[in-house]
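Now for the letters of each chain:
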Amino acid sequence: MNKLSFFFIFFFLFSTHCYSQFTPSIHNYTLAEYKAGNQNWDITRANDGKVYVANNSGLLEYDGLVWKFHQLPNKTIVRSVLSVNNIVYTGSYEEFGYWKRNEFGFLKYYSLSDTILDIISPNEEIWEIVNFDDKIIFRSFSNIYVYDFETVRQLHTNSVIISCNVINDNLYISTLNEGVFLLKDKDLELFYFNELLKDTKIISVSNYGGKLLLMTSLKGSFFLDEHNLKPTNFEINEQIKLHQLNHFSVLSNGDMVFGTIKDGVFLSDKSGNLKYHISKENGLLNNTVLAQSIDSTDNLWLGLDNGIAHIQLSSSNYFFNDVSGKLGAVYDIVEFKDTIYIGTNTGLFLLDEFDKLQFVEGSQGQVWDLKIIDDELFCGHNEGTFLVNKKTINFISRYTGGYTIRKVPEKENTYIQGTYSGLVKFEKIDGKWEVKHLGKTTIPSKSLVFENANTAWVAHATKGIYRVIFDENYDSVTSIIDYRKKGIHSDYNVRLYNIKNAICFKTNEGWQKYEPIIDSITPYNLLNDKLGKGSYIISGVSKDLFALKDKSGYIKFKSFSDDEDKLFLNDRSLKNRYIIGYENMSTIRDSVYALSLDNGFMMINNTSANTTNLYRPNIESIAVNGVLISLSNIYKEGVRFNFNENIAIELTSSKSTNYFLEYNIPETDDIWYKIEGSTVEFSNLIDGEYTFAFRINDNSGKVSPVTSIKIDVLPPWYRDTIGFVLYNLLAAMIVVIFYTMHNRKVAKEQHLIKIKYQKEQEKLLREKTLENEKQMVQLKNESLQNEIKLKSKQLANNAMALVKKNETLQDIKNELQVNKDGFSNYYSYKKLVKKLDNSIVLKDEWEVFENNFSQVHDEFFEILKAKHSSLKPKDLKMCAYIKMNLSSKEIAPLMNISVRGVETHRYRLKKKLDLENDISLVDYLLNIKN
């Protein structure tokens, strides 16, 4: 029963008291970010701003943007790390040495323990490294190793060595059982021993007002003054005893930092009074602090048992974080009667006198607005509006969703509130608040500002803006005018402001204002130029000073009377904690404001200096096609590489904070392009000379000086000397080939022309020959014709001669016949007559005639016989004589018939030849052809 009662009491306390407190800004780096072992044993920040961490798996390097991981050659754990003049010294298992960048920008390891392999102790680990008297001191639990940049020597004690500290040019070496030693020349000399310190881990020895301050692990702190040891009266002593101190540091202002094994980090003032306690409950990833380091800007770096943390101790701004999740999203904060009240989506909370979070009972639900009116605290709530009195509430309005409440100008004790269901009037009469709904305006009224005493502007919770006019007594709304179609850029997410008596609107496209003369909404170029189209006001800090949030995520305080930014917030951790659309900056007291966040809020001191600095980026490495190139004289000589190769340039600006890199190539355009991470790669560059310019930007318009480097992209071989030589050779070859081909073509054409001419000449010659042959044939034909004519004449003459001969012989015969009686010898008469007859009818004569005739008239008889096979020899003779163009009279003697017989024969012959009457027999025979 007792256990059950204890459980319920504990549960009630835990549910109403969330043990949170104010802390500086904390940025945690998880294992997923730095991608190495979980335990981080030592940490240091170099002069160039880089952070180096001794990790379970190796050495981590961080430049503010990217984590890099380096392994030792033996891939063992790294226990200690120290950066001196940008050389990084590390200690490990049976190994220690240093890392130095080579000419390619690569961090290369050089072993020192390899030079003393004969004296280094087995199974020894180097747990601490300090810089003393131009020497580097490596400490293990058993030995001290002194490196003077030439040789390494070993110093030994009989007790376990716990820590080494440099104070006023002295190196104090604290042991577990033999007290504190000093390094003198080449030996260790006992400085102080006290039985009280026996079996005591002295974590640190430091200077405190001329005295030595000894911090122990479990026994608290002691002053050592003139060899007198006495405990301090620090308030923090009990905490560090309870939670086991592991590391100790002192800030430049004297504040002290205590890193513990069990409960995170404690920060006290120089008198030892607690200022902050930072643990897993309010932001750290882990409560075990394995290492801590204060950098040159008084910011704290922590190596944790699981993770790494960066705490901005130099900032005057601090956070209230609730890692339990009880608080939820914060919408408004107000300080009322020395108590801070916090309105969230889960209800109303307050901070008690111990800065512990307490829930106000009965306030469950969404809190929209907290306002002090007439010395009373109004809380606009999802369920209505109530008055807050310490830890109790009293509802005075049940109109749900009290978004905002505004005082009516020129009217006492009268206020108008925007709610889920429209506008509600609050009026205090005789000490009591009277509440009345104003009727017509039933829209969710998220934002409300007054134009004058009887006119207000209302922004819909989601879409639209309206101008509302009240009656004189504010008992009702006389008119509601919708201005969604009167020039507003966008109906959605409109924010309303009354800035210097001008009604202003912030839309997604920029700033606008209401122009009463034309009763329309017009662009407001003054605010667009001064505040920026993407920025909007998240507070009414004062009449002149206001908080402005940019779309990039940073917040700054502005004044219309001064162009200089009063304060600038650009913490990357804030961006993920804004209540988007409901960002709010509340006034707590003079110069102190509260920024509402998810699971907490940020307290801001407006008097703190805006010390954000951006440093010129440095080139860390350059790789061409993945091959690192030397960085010596890189800024003077630039980089040259071949066409179609890519170049990757790694940059860093480790001293800058909350920044990103940009690049520009002036030869191509004037635009600055954001670089994701720290490396930018260029490929497919056209050959030529370029100037690559790099700078740092923090999203606020503030940029660093520019780092430039010359890049010379060599032309491809086909546009380089080799190419030009090849082109010239090719051109020469082409010319030669062209010339040769041309000559061949000319020769070929000439040959073709020659052949053509020859052919033409041959043709002409053939034609001439043919013509000559034709002429010869013609001449021959003419000769033949002449010969035929001659032969015809000869034939005719022969025929005539024959006729004459026959006639003569016939006449002789006739005479003989007439005078036959005159012959004495009849036999001689007969013989003579017979000879005459033989001479007249000699058959051989016809054959001779026929042969001669055929020679003159080639194939005449064959043609005639072929066409007229019925012709007889006598008919053929007649045809031949007619062909010879002989008359009937001339034919008669040849045929030995009368002229009339010739005519009769001719007539019969015409019939045989089947000739028409109109066809002449002579013409037919003269022209007959096959």
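Residues numbered from 1 in each chain as written. Predicted model: local features only at pLDDT ≥ 70, side-chain atom pairs only at ≥ 80, totals over all residues. Heavy atoms only, no water.

Peer 1: Would you take a moment to explain the overall build of the protein for this structure?
Peer 2: Each helix and strand counted, the protein has 14 helices and 67 strands in total. The C-alpha atoms of the protein give 65 Å as radius of gyration, which overshoots the globular expectation for 930 residues (30 Å, by more than 25%). Looking at the 930 residues of the protein, the share that counts as buried comes to 48%. Partitioning the intrachain contacts of the protein with sequence separation of at least 6 by distance along the chain shows that 47% fall at a separation of at least 24. Just so you have it, the protein exposes about 47,700 Å², and 50% of that area is on carbon and sulfur atoms. Taking the average place of the 108 positive charges on the side chains of the protein and the average place of its 115 negative ones, the gap between the two points comes to 15 Å. (Helix = DSSP H or I, 4+ residues; strand = E, 2+ residues; numbered from the N terminus. Rg over C-alpha atoms; globule rule 2.2 N^0.38 Å. Buried < 20%, exposed > 50% of the residue type's maximum accessible area, 1.4 Å probe, protein only. Contact = heavy atoms within 4.5 Å. Areas by Shrake-Rupley, 256 points an atom, 1.4 Å probe, with all protein chains shown as cover. Lys, Arg positive; Asp, Glu negative; His and termini not counted. Charge placed at Lys NZ, Arg CZ, Asp CG, Glu CD.)

Peer 1: What exactly am I supposed to notice about the packing of helix α11 (residues 873-883) against helix α13 (residues 899-912) here?
Peer 2: Any two packed helices are characterised by how steeply their axes cross, that is the angle between the axes, and by the distance between the axes. Between α11 and α13, the shortest axis-to-axis distance is 10 Å and the interhelical angle comes to 100°. Classified by the interaxial angle, the pair formed by α11 and α13 is roughly perpendicular. Residue-level inspection shows Lys-874, Asp-875, Met-878, Cys-879 and Ile-882 of α11 in contact with α13, the latter providing Val-902, His-905, Arg-906, Leu-909 and Lys-912. Its residues placed into classes, the contact of α11 with α13 shows five nonpolar, one polar and four charged. (Axes fitted to C-alpha atoms, helices over the stretch in contact; angles between N-to-C directions. Parallel < 35°, antiparallel > 145°, perpendicular 65-115°, else oblique. Nonpolar A, V, L, I, M, F, W, Y, C, P; charged D, E, K, R; others polar.)

Peer 1: What should I look at first to understand the sheet that holds strand β40 (residues 404-407) in this one?
Peer 2: Note: strands within a sheet are paired through backbone hydrogen bonds, in either parallel or antiparallel orientation. With antiparallel pairing, four strands are arranged side by side in an open sheet as β40-β41-β42-β43. Strands with a single pairing partner mark the edges of an open sheet, and in this sheet they are β40 and β43 (432-437). Going from strand to strand, the sheet's axes swing by 25° on average, the running direction of each strand aside. Both strand β42 (residues 422-429) and β43 contribute to a ladder of six bridges, which runs antiparallel. By the bridge assignment for β43, Val-424 is matched with His-437. (Pairing = 2+ DSSP bridges.)

Peer 1: When you look at unusual backbone geometry in this model, what are you seeing that I'm missing?
Peer 2: Both trends apply: most residues other than glycine have a negative phi, and most peptide bonds are in trans. Of note in the backbone geometry, Lys-500 takes a positive phi value of approximately 50° without being a glycine. Within the secondary structure, Lys-500 is located in the loop between β48 (495-499) and β49 (502-507). Residue Lys-500 is classed as exposed on the basis of its relative accessible area of 60%. For Asp-914, which is not glycine, the phi torsion reads 55° and is therefore positive. By the element assignment, Asp-914 lies in the loop between α13 and α14 (921-926). Looking at Asp-914, the relative accessible area reads 66%, which means it is exposed.

Peer 1: Got a minute to help me understand the environment of Asn-382 in this structure?
Peer 2: You can see Asn-382 is positioned in the loop between β37 (376-381) and β38 (384-389). Sequence separation between Asn-382 and Asn-493 is 111 residues, and the spatial gap between their C-alpha atoms is 20 Å. Discounting chain neighbours no more than four positions away, the residues touching Asn-382 are Gln-366, Trp-368, Thr-400, Gly-401 and Tyr-420. Within the structure, the side chain of Asn-382 is placed 3.4 Å from the side chain of Glu-383, a separation counted as a polar contact. (Polar contact = N/O pair within 3.5 Å; in protein donor to acceptor, adjacent residues only side chain to side chain.)

Peer 1: Please clarify how the nonpolar core should be interpreted in this entry.
Peer 2: Side chains of nonpolar character tend, in soluble globular proteins, to be buried together. Counting 28 residues, the largest nonpolar core has Trp-511, Met-585 and Leu-595 as its most contacted members. Every element with two or more residues in this core is listed here: β48, β49, β52 (536-537), β53 (545-549), β54 (555-559), β55 (562-569), β57 (592-597) and β58 (600-605). In terms of residue count, β53 provides more of this core than any other element does, four residues in total. Residues Met-878, Ile-891, Leu-894 and Leu-909 belong to the second largest nonpolar core, which totals 27 residues. (Core = buried A, V, L, I, M, F, W, Y, C linked by side-chain atoms within 4.5 Å.)

Peer 1: How do you make sense of the sheet that holds strand β26 (residues 265-268) when you look at a structure like this?
Peer 2: Ordered in space as β24-β25-β26-β27, the four strands form an open sheet in which the pairing is antiparallel. At either margin of the open sheet sits one strand with a lone partner, and together these are β24 (245-250) and β27 (274-278). In this sheet, adjacent strand axes meet at a mean angle of 15° when their direction is disregarded. Note: β24 against strand β25 (residues 256-260), five bridges, orientation antiparallel. When the sheet's bridge partners are listed, Val-250 is paired in β25 with Met-256.

Peer 1: It is not clear to me how the pattern of salt bridges should be interpreted in this structure. Could you clarify?
Peer 2: Counted by the stated rule, this structure contains 25 salt bridges. With a closest N to O distance of 3.2 Å, Asp-519 and Lys-486 form a salt bridge. Of the two residues, Asp-519 sits in the loop between β50 (510-515) and β51 (520-523) while Lys-486 sits in the loop between β47 (477-482) and β48, which places them 33 residues apart along the sequence. Exposure remark for Lys-486: the relative accessible area of 27% places this residue in the partly exposed category. Linking Lys-513 and Glu-515 is a salt bridge whose minimum nitrogen-to-oxygen distance equals 3.5 Å. The exposure class of Glu-515 is partly exposed, given its relative accessible area of 24%. When salt bridges that share partners are traced, they join Lys-50, Glu-61, Arg-101 and Glu-620 into one network. (Salt bridge = Lys/Arg side-chain N within 4 Å of Asp/Glu carboxyl O.)

Peer 1: I'm lost on the confidence of the model for the protein in this one. Help?
Peer 2: When pLDDT drops low, the exact placement of atoms in the prediction is not to be read closely. Mean pLDDT over the protein stands at 86; residues scoring 70 or higher make up 92%. Note that residues 1-20 has pLDDT below 50 and, in this model, 18 contacts with residues that lie over four places away or in other chains. (pLDDT = per-residue confidence, 0-100.)

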